[in-house]
Amino acid sequence: IFISGGPMLAGEHPDEPGKKIDLISVFEAVGAVKAGKMSENQLTRIENAACPTCGSCAGMFTANSMNCLTEVIGMGLPGNGTIPAVYSARVRLAKQAGIQILNLWKKNITARMIMTPDAFGNALIVDMALGCSTNTVLHLPAIAAEAGVELNLEMINRISEKTPHICSLSPGGAHHIQDLNRAGGIGAVLKTLSSAGLIHGESLTVTGNSVAENIAAARVLDP
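The helix and strand tally for the protein stands at 11 helices and 2 strands. Its helices and strands taken in sequence order, the protein reads β-β-α-α-α-α-α-α-α-α-α-α-α from the N to the C terminus. A compact globule built from 223 residues would reach a C-alpha radius of gyration of about 17 Å, and the protein, at 18 Å, matches this within 12%. Each of the three principal axes of the protein carries a C-alpha extent, and together these read 60 × 40 × 30 Å. Residues classed as buried in the protein amount to 46% of the 223 residues present. Long-range pairs, those at least 24 residues apart, make up 72% of the contacts in the protein between residues at least 6 apart in sequence. Roughly 11,100 Å² of accessible area belongs to the protein as shown, and the carbon and sulfur atoms make up 56% of that amount. Averaging the locations of the 16 positively and 18 negatively charged side chains of the protein gives two centres separated by 8 Å.

Shown next, in the form of structure tokens:
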């Protein structure tokens, strides 16, 4: 079972209360300083506020993209993709992962039983729905190759053409991983896509249950 450190919380703009900022905000501020539109003092204030906690960057960047897709593939427990690093729920998830590893061993459920072509198909569908990092095109085929599954660019293009983009997350949008977690997490995304007939619900996961069983009680808490 894969268990990540989890995403960090977004920061708050030091001069605009209520406005969330993250790593990209710092990059943009650096550009603003170089363009003469912002002072170095303002840049420092943004830099000090943008990444306020431990964990991977707050937006849908490479680490969080792969955390989410690992959950979708079935190799991470529900919540792995979106529970923030600083939440007690992340610590509980880590303990649950250790317990579940022993359960999988007893049931003789292996990684290759989980990482099937359908599982990777689910991952690509959620990749497009979330607007994940383009680096997933490097990581997913590499993981698939280890699992003996073929995953090529033609398949990625085909899935991209039929999958709706339903989440607007940084760096492409204003929301962050903590917002996705609050709205129901990856389970809610899978449930939404499944209702449109896009998800292979019979795929096995590390819970010992199928994707369909895992998301039976999932729901969108904030559209």
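Attention now moves to the nonpolar core. Judged by nonpolar contacts, the single largest core of 47 residues is most densely connected at Phe120, Val126, Leu130 and Leu140. Among the elements of the structure, helix 3 (62-73), helix 4 (88-107), helix 6 (117-130), helix 7 (136-147), helix 8 (153-162), helix 9 (177-182) and helix 10 (185-195) are those that each provide at least two residues to this core. Examining the composition of this core, we find that 9 residues originate from one element, helix 6, more than from any other. When residues no more than four places from it in sequence are discounted, the contact partners of phenylalanine 120 are Ile73, Met115, Leu140, Ile143, Ala144, Ala147, Val149 and Leu151. Listed in part, the 8 residues of the second largest apolar core include Ile21, Val33, Ile46 and Ala50.

What follows concerns the environment of alanine 216. By secondary structure assignment, the location of alanine 216 is in the segment after helix 11 (211-214). A residue is classified by how much of its surface remains accessible, and alanine 216, at 56% relative accessible area, is exposed. Separated by 40 residues in sequence, alanine 216 and histidine 176 place their C-alpha atoms 25 Å apart.

Now for the state of the cysteines. Across all of its chains, the model carries 0 disulfides by this definition. Left unpaired, cysteine 68 is separated from the closest cysteine sulfur, that of cysteine 132, by 6.1 Å.

Mapped onto the fold, threonine 70 is located in helix 3. Threonine 70 sits in the buried class, given a relative accessible area of 11%. Filtering out sequence-adjacent residues up to four positions away, threonine 70 remains in contact with Phe2, Met75, Gly76 and Asn80.

With 20 residues, helix 4 should cover 28 Å at 1.5 Å per step; its first-to-last C-alpha distance of 29 Å lies within 8% of that length. Arg90, Leu93, Ala97, Gln100 and Leu104 are the residues of helix 4 that are buried. Along the long axis of helix 4, the arc covered by the buried residues comes to 80°, so they all point the same way. Exposed and oriented more than 90 degrees from the buried face of helix 4 are Ser88, Val91, Arg92, Lys95, Trp105 and Lys106. Residue asparagine 108 follows helix 4 closely and has a positive phi angle near 60°.

Rules and cut-offs
Counting starts from 1 at the beginning of each chain's written sequence and moves along it residue by residue. Under the rules for a predicted model, residues below a pLDDT of 70 receive no local features and side-chain atom pairs below 80 are neither given nor counted, while totals for whole chains, interfaces and linings still include all residues. Calculation of side-chain values draws on the structure's entire complement of heavy atoms; hydrogens and water are dropped beforehand. For the purposes of this entry, the term helix denotes a DSSP run of H or I that reaches at least four residues, the term strand denotes a run of E that reaches at least two, and both are numbered from the N terminus. Using C-alpha atoms as the atom set, the radius of gyration is obtained and then compared with a globule rule of 2.2 Å times the number of residues to the power 0.38. For each residue, the accessible area found with a 1.4 Å probe, counting protein chains only, is set against the maximum for its type, and the residue is called buried under 20%, exposed over 50%, and partly exposed in between. By the convention used here, residues are in contact when the closest approach between their heavy atoms is within 4.5 Å. Every accessible area reported is derived by Shrake-Rupley at a probe size of 1.4 Å, with residue values counting cover from the shown protein chains alone. As used throughout, the charge tally considers Lys and Arg to be positive and Asp and Glu to be negative, leaving His and the chain termini uncounted. Just so you know, the charge point we use is NZ for Lys, CZ for Arg, CG for Asp and CD for Glu. Take the buried Ala, Val, Leu, Ile, Met, Phe, Trp, Tyr and Cys residues and link them wherever side-chain atoms come within 4.5 Å; each set so joined is a nonpolar core. Two cysteine sulfurs form what is called a disulfide whenever their separation falls within 2.5 Å. Working rule for helices: expected span equals 1.5 Å times residues minus one. This arc is taken over the directions from the axis of the helix to the C-beta atoms.

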